[in-house]
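# Breakdown of the fold
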Amino acid sequence: MAETVLLESRELQPRIIIVDNGHISQLPVFRDLTVGRSTETIKADLNFQHNYVSRRHGLIGFDENGAYYVDTASKNGTFYNGVRLAPERKQYLSNGDVLQIFGGVPKTESDVVVIVYVTDYPETFSEHLIQIPQNSTIAEINIGRSSNTGITLGGNTISANHASFFTVQDGWAVIDHDSKNGVFLNNQRIKQPRYLRVGDCIRISNIYFFYLGNSIIYQSSSGQQIDSPASSGRAAPEASLDIHIVERSVWQRARKLMLLQNINMTINAGEMVLILGGSGAGKTTFMNAVMGYEKAEGKIMHGDTDVYEDFKSMKYKIGFVPQQDLLRGSDTVYDTLDNAADMKLPGNVTKRQKKDRIESVLNTLGLQRERNSLVSKLSGGQRKRLSIAVEYIADPSLFFLDEPDSGLDGIMAKTLMQNLRTIANEGKIVMVISHGPDRAADLFDKVIVLAKSVKDNCGHLAFFGTVKEALGFFDAESLEGVVKRINREDEGGDGLSDFYIEKYSKRIE
C-alpha cells in the first residue's frame, strides 16, 4: 500500500517556486526581489542567464495591499496566468499565480522561466522527475488518492481518480476526472481537456507540476508515493535524530571534569532547532557531541544509523559551519562552489548534475546575483551565506551552525535565518547556536536550552520544546529573557539555572 500524507489548504509565509533549466527551487519571499539577467554592472536578486530575459525584467514587491509583480518594460514581457502583462503596472499576487518568461514559442526546458507565488505548500518535500514517453500513440499518467499506475497523493483534498496527463495527436494534455477540488492550469481551473505547452504549471491541491516537453517535474510532500516506472525521485524522506547523552567529560590534571549530563531528545526531519544556553553551559560541546566530532558517553541515532559507530559513513551526511570561514578571497562565488562540489559530491555525479546542484544552492542561499563576484568583495552576510553554501553543496541530512548570524545586522541576520529555514523545509535537520535569537524566533520549530548547574558545575538540559512553550516555561517575554533567567547574577542574569534544571527534570519524569 502506498504511503500517503494529508494535504490541507493553509495560509503560510509566502514563497516562490522557481523552474529554470528543468530544475525546481524555492525561496521565501519577505522583501522586494528584482527579476532579470545579471551583468557586471546590473545585479538581479532572481538571476536567469537567458538572452530572452532582460537585464531589468521585473520586480516582486510588497505594499499595504500585499504582494505584487511589475514587468519593468522588458523586451519579451512577462505572462501572468497565461496572459501577457502590461508593462509598469502592478499585478497583485495570490496563491498559485504563475509568472512565465520566454521568447517565442518554448520548445525545451531552457526556453522558459516559471515563477509561482505560493502561500500553501508542502513544508517538507521531495523533488521528482517523470520522464514522459515520446512518439507514443498511447500513454497516460494517472494522479489520485488510489492511483495504481501513476502518482498517488494522499489527503481529503484529493479525489480517488483525480486527473491524468495523456498523449494526444499534437502532444500531451491534462484532464480533470470530475474531481471535487479541481485541476488548475496556470492557476485557472479547467473544465475540459487542455493541451500543454512547455512551461505550463498544473496545480492539484497544493502540489505543482511543470510540463517541460520531455519530462514533468514536481515537488511533493515527503512520503508521497510515485508508482510510475518512468519516474525517479530525487530525494528520499529524511530520518529523525535521537539524542541520548549520559555524560560528556574530560580528564584534567588526573581529575574528571564533567561538561554535560543527562540530555535526551528527539528532533524530527524538517525541524530547525535553536540551541540556547548560559555562559559555559556547553552549547558547542553539545553540538560537537551530537555530530560525533567529540564522542560522549551515550548514543546518537540518525534513523537506524548509529552516528558514533558508523561515523565514517555519517560524516558525509553532516554539514558543519563554524564561526570562522576558510574561504579564498581570490576565488569567485561560483568557483568556490564548483571546487566544493568537486570535493564533496560523489564521483559518479555527472557535469549536469553538479551544475544543477550549484544552481540550486545559489538560489537557496540567495547568492545568484553574486555568482561572479570575488569572495574578497562580499559583505559579511554574503560571506556567511557562502560558507553555508560550501557545506550545503553536499546535501547533508544534518546541518549544524555555530553562531552563523554573529556580526550581522538585524536585516542580514533575519535573511540568513530565512535561508536556513528553506533548507530545513527540504526535510533536513538544522541546528543553530545564536546569541541574537529573537531576530528570527518565529522561524524555529524547537529550542534547546542548556544551563550550567551551580551545584555540580556541569551543563544540563533545562528545556526542550517550542519557542512559545519556552517563553511560558521560563516566564519570559523574549528568548534573550530566557537566557537571562539561567545566567549567573555576576553576568547580569537571574541565577536560576538549578531551579529550571530541576523544574524541567520533574516535567519529563
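Reading the values: the criteria
- The residue numbers shown here count from 1 along each chain, following its written sequence.
- With pLDDT at 70 or above as the cut-off, local features in this predicted model cover only qualifying residues; side-chain atom pairs require 80 or more to be listed or tallied, and sums for whole chains, interfaces and linings still use all residues.
- Side-chain calculation: all heavy atoms of the structure are included, whereas hydrogens and water are not.
- By the criteria applied, helices consist of DSSP H or I runs no shorter than four residues and strands consist of E runs no shorter than two, each listed in order from the N terminus.
- Note that the radius of gyration is over C-alpha atoms, with the globule rule given as 2.2 Å times the number of residues to the power 0.38.
- Exposure is judged per residue with a 1.4 Å probe applied to protein chains only, and the accessible area is read against the type maximum: over 50% gives exposed, under 20% gives buried, and values in between give partly exposed.
- Contacts were defined at the residue level, with two residues in contact if any of their heavy atoms lie within 4.5 Å.
- Reported accessibility uses the Shrake-Rupley method at a 1.4 Å probe radius. Residues are deemed covered only where the shown protein chains occlude them.
- As used throughout, the charge tally considers Lys and Arg to be positive and Asp and Glu to be negative, leaving His and the chain termini uncounted.
- Throughout, a charge is located at the NZ atom of Lys, the CZ atom of Arg, the CG atom of Asp or the CD atom of Glu.
- Among the buried residues, those of types Ala, Val, Leu, Ile, Met, Phe, Trp, Tyr and Cys that are joined through side-chain atoms within 4.5 Å form a nonpolar core.
- Any two strands with at least two DSSP-identified bridges between them are counted as paired.
- Per-residue confidence from the predictor is reported as pLDDT, which spans 0 to 100.
- Here a cavity means grid points, on a 1 Å grid over the protein atoms only, where a 1.4 Å probe fits yet cannot get out; a pocket means an open set of points with protein on both sides within 12 Å along at least five of seven lines; lining residues are those with an atom within 4 Å of a point.
- Grid points are joined across faces, edges and corners, and a volume is the space filled by probe spheres set on the points.
- Gly is placed with the polar residues, together with every amino acid not listed as nonpolar (Ala, Val, Leu, Ile, Met, Phe, Trp, Tyr, Cys and Pro) or charged (Asp, Glu, Lys and Arg).
- Between 30 and 60 degrees the pair is tilted, below 30 it is stacked and above 60 it is edge-to-face, where a pair is any two Phe, Tyr or Trp rings, Trp via its six-membered ring, whose centres lie within 6.5 Å.
- Consider the ring centre and the ring normal. A charge sits over the ring if Lys NZ or Arg CZ is within 6 Å of that centre and within 35 degrees of that normal.
- Note on geometry: axes are C-alpha line fits, over the in-contact stretch for helices, and angles between N-to-C directions span 0 to 180 degrees.
- Each angle is binned into one of four classes, with values under 35 degrees roughly parallel, values over 145 roughly antiparallel, values of 65 to 115 roughly perpendicular, and all other values oblique.
- Should the near helix be turned anticlockwise from the far one by less than a right angle, the crossing is termed left-handed; should it be turned clockwise, right-handed.

## Concerning the overall build of the chain
In terms of regular secondary structure, the chain is built from nine helices and 34 strands. A globule of 509 residues ought to have a C-alpha radius of gyration of about 23 Å, and the chain, at 25 Å, matches this closely. On the principal axes, the C-alpha backbone points of the chain span a range of 80 × 55 × 50 Å. In the chain, which comprises 509 residues, the share counted as buried stands at 57%. For the chain, restricting intrachain contacts to residue pairs at least 6 apart in sequence, the fraction spanning at least 24 positions comes to 59%. Approximately 22,700 Å² of the chain is accessible, and the part contributed by carbon and sulfur atoms is 47%. Here the chain holds 57 positive side-chain charges and 63 negative ones, and the gap between their average locations is 3 Å.

## Side note on helix H8 (residues 479–486)
Looking only at H8, the buried set comprises Leu-479, Gly-481, Val-482, Val-483 and Ile-486. Along its buried surface, H8 packs onto strand E27 (272–277), strand E33 (446–452), helix H7 (467–473) and helix H9 (497–508).

## Regarding the nonpolar core
Grouped together as the largest cluster of nonpolar side chains are 87 residues, with contacts concentrated most on Ile-267, Phe-286, Leu-420, Met-431, Ile-448 and Phe-474. Examining the composition of this core, we find that six residues originate from one element, helix H6 (residues 410–425), more than from any other. When sequence neighbours within four positions are dropped, the list of residues in contact with Ile-267 reads Ser-240, Leu-241, Ile-243, Val-273, Ile-429, Met-431, Ile-448 and Phe-464. Ile-151, Phe-165, Leu-185 and Tyr-218 belong to the second-largest nonpolar core, a separate cluster that totals 23 residues.

## Here's the deal with the pairing of strand E1 (residues 15–20)
Looking along a regular strand, one sees the side chains alternate between the two faces of the sheet. Burial within E1 is extensive, with six of its six residues counted as buried. Residues Arg-15, Ile-17 and Val-19 point to one face of E1 and Ile-16, Ile-18 and Asp-20 to the other, with burial holding for every one of them. Pairing analysis gives six bridges linking E1 to strand E11 (residues 113–118), with the strands arranged antiparallel. Residue Val-19 lies in a different strand from E11, and its bridge partner there is Val-114.

## So, the confidence of the model for the chain
Looking at the chain as a whole, its pLDDT mean stands at 86, while 90% of the residues score no less than 70. At the level of individual helices and strands, the chain shows its lowest average pLDDT in strand E24 (residues 231–233), which scores 34, and its highest in strand E10 (residues 97–101), which scores 98.

## Re unusual backbone geometry
Leaving glycine out, the prevailing phi sign among residues is negative, and the prevailing peptide bond configuration is trans. Positive phi, normally seen in glycine, also occurs at Asn-186, with a value near 50°. Relative to the helices and strands, Asn-186 resides in the loop between strand E17 (184–185) and strand E18 (188–189).

## Some words on the layout of surface pockets
Of the volumes computed, that of the second largest pocket is approximately 400 Å³. Leu-326, Leu-327, Thr-336, Val-390 and Glu-391 are the residues nearest the centre of the second largest pocket, which is lined by 17 residues in total. Looking at the lining of the second largest pocket, the elements that each hand over two or more residues are strand E30 (318–321), helix H3 (333–344) and helix H5 (380–392). Residue contributions to the lining of the second largest pocket peak at five residues, all from H3. Taken together, the residues that form the lining of the second largest pocket break down as eight nonpolar, four polar and five charged.

## Notes on the packing of aromatic side chains
For the structure on display, the rule yields 15 aromatic pairs. With 6.1 Å between their ring centres and 70° between their planes, Phe-463 and Phe-474 make a pair best called edge-to-face. Of this pair, Phe-463 sits in strand E34 (residues 459–465) while Phe-474 sits in the loop between H7 and H8; the two residues are eleven residues apart in sequence, bridging distant segments of the chain. You can call Phe-463 buried: its relative accessible area is 0%. Between the aromatic rings of Phe-499 and Tyr-500, the centroid separation amounts to 4.9 Å while the plane-to-plane angle is 85°, which identifies the pairing as edge-to-face. Among the aromatic residues, those joined into a cluster by ring pairs are Phe-463, Phe-473, Phe-474, Phe-499, Tyr-500 and Tyr-504. Across the ring face of Tyr-392, the terminal group of Arg-357 is positioned such that the distance to the ring centre comes to 4.7 Å.

## Quick notes on the sheet that holds E10
Ordered by their spatial adjacency, six strands build an open sheet running E2-E1-E11-E10-E7-E8, and the pairing between neighbours is antiparallel. Whereas interior strands pair on both sides, the edge strands pair on one side only; in this sheet they are strand E2 (23–28) and strand E8 (83–84). With two bridges joining them, strand E7 (residues 79–80) and E8 adopt antiparallel strand pairing. Within E8, the position partnered with Phe-79 by the bridge is Arg-84.

## Some remarks on the sheet that holds strand E3 (residues 33–36)
Spatially, five strands are ordered E4-E3-E5-E6-E9 in an open sheet, and the strand pairing comes out mixed. Among the strands making up the open sheet, the edge pair consists of strand E4 (46–47) and strand E9 (91–92). Two strands pair when backbone bridges link them, and strand E5 (residues 58–63) and strand E6 (residues 66–71) are joined in this way by six bridges, in the antiparallel orientation. What sits directly across from Gly-58, in E6, is Asp-71.

## A closer look at the packing of H5 against H6
Between H5 and H6, whose axes approach to 10 Å, the crossing angle comes to 15°. Overall, the two elements H5 and H6 adopt an arrangement that is roughly parallel. In the crossing of H5 with H6, the sense of the turn from one axis to the other is right-handed. Residues Gly-381, Gln-382, Lys-384, Arg-385, Ile-388 and Tyr-392 of H5 pack against Met-412, Thr-415, Leu-416, Asn-419, Leu-420 and Ile-423 of H6. Considering only residue class, the contact of H5 with H6 consists of six nonpolar, four polar and two charged.

## Here's the deal with the packing of H3 against H5
Between H3 and H5, the least distance of the axes is 8 Å, while the angle of their chain directions is 25°. Looking at the two axes, H3 sits roughly parallel to H5. In the packing of H3 onto H5, the handedness of the crossing is right-handed. Along its contact with H3, which presents Val-333, Thr-336, Leu-337, Ala-340 and Lys-344, the element H5 presents Leu-386, Ala-389, Val-390 and Glu-391. Per-class residue counts for the contact of H3 with H5 are six nonpolar, one polar and two charged.

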